[in-house]
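# Examination of the molecular architecture
For reference, the chains in residue letters:
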Amino acid sequence: MFKMKNTFILPVLTIGFLIWFLATLAFRFAGQFFFITDSVPILTSLYVALIPALVLISILTFKRFKLSGFENIVAGVLLVLPGMVLDTFIIQFFEHIFPNMASNSATTFGSWLMWAYSIILLTSIVVGLRKNS
């Protein structure tokens with residue numbers, strides 16, 4: 001059994017919530033300007049841009065709390081958990097929450113969110129297993 005410090009749990013959950021909240025505000029007030037689903041180059045750029053941004057945020061969070069091994073994996077789960085829970089309702093009520101965006105963008109938005117959460121989770125697994133060996 002491995003021993004894990006628990007001092008990072010609430011702060012990392014809070015960071016995850018704040019990232020979700022700020023991203024949701026950005027989409028609510030400006031999503032129609034940058035989340036352009038009918039442009040393949042723009043949409044591809046949005047998917048690609050997430051990779052370095054979320055890898056960096058994840059690694060900086062892990063370093064900030066001096067996490068080791070499996071703590072990184074737990075932190076990755078904690079980073080995405082608030083957003084994953086709240087985004088289930090955001091996607092369900094997409095037209096009401098994002099009246100500034102076309103309703104047919106909801107599917108692509110959901111896909112993009114899954115991609116974002118996957119990047120954070122994969123980063124935490126790679127970092128956690130590498131530091132554990």
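Above: the structure in question.
Read on for a plain summary of the structure. (Residues numbered from 1 in each chain as written. Predicted model: local features only at pLDDT ≥ 70, side-chain atom pairs only at ≥ 80, totals over all residues. Heavy atoms only, no water.)

A few words on the packing of aromatic side chains. Summed over the entire model, instances satisfying the criterion amount to 14 aromatic pairs. Here the aromatic rings of Phe-27 and Phe-98 are separated by 6.5 Å at their centres, their planes lie at 65 degrees, and the arrangement is edge-to-face. With Phe-27 in helix α1 (residues 9–34) and Phe-98 in the loop between α4 (94–97) and α5 (106–132), the pair connects residues that are 71 residues apart, well separated along the chain. Residue Phe-27 shares its accessibility class with Phe-98, and that shared class is buried. Seen in terms of ring centroids, Phe-35 and Phe-109 are 6.0 Å apart; in terms of plane orientation they differ by 85 degrees. Their pairing is edge-to-face. (Phe/Tyr/Trp six-rings, centres within 6.5 Å; stacked < 30°, edge-to-face > 60°. Helix = DSSP H or I, 4+ residues; strand = E, 2+ residues; numbered from the N terminus. Buried < 20%, exposed > 50% of the residue type's maximum accessible area, 1.4 Å probe, protein only.)

What follows covers helix α3 (residues 70–92). With 23 residues, α3 should reach 33 Å at 1.5 Å per residue; the first-to-last C-alpha distance of 33 Å fits that figure. Where α3 bends most, the angle comes to about 35 degrees, and this point is Val-80, followed within four residues by the proline Pro-82. Every buried residue of α3 is accounted for by Glu-71, Asn-72, Ile-73, Ala-75, Gly-76, Leu-78, Leu-79, Val-80, Pro-82, Gly-83, Asp-87 and Ile-90. (Expected span 1.5 Å × (residues − 1). Bend = angle between axes of the 7 residues up to and from the residue.)

All we've got here are geometric facts, nothing functional implied.
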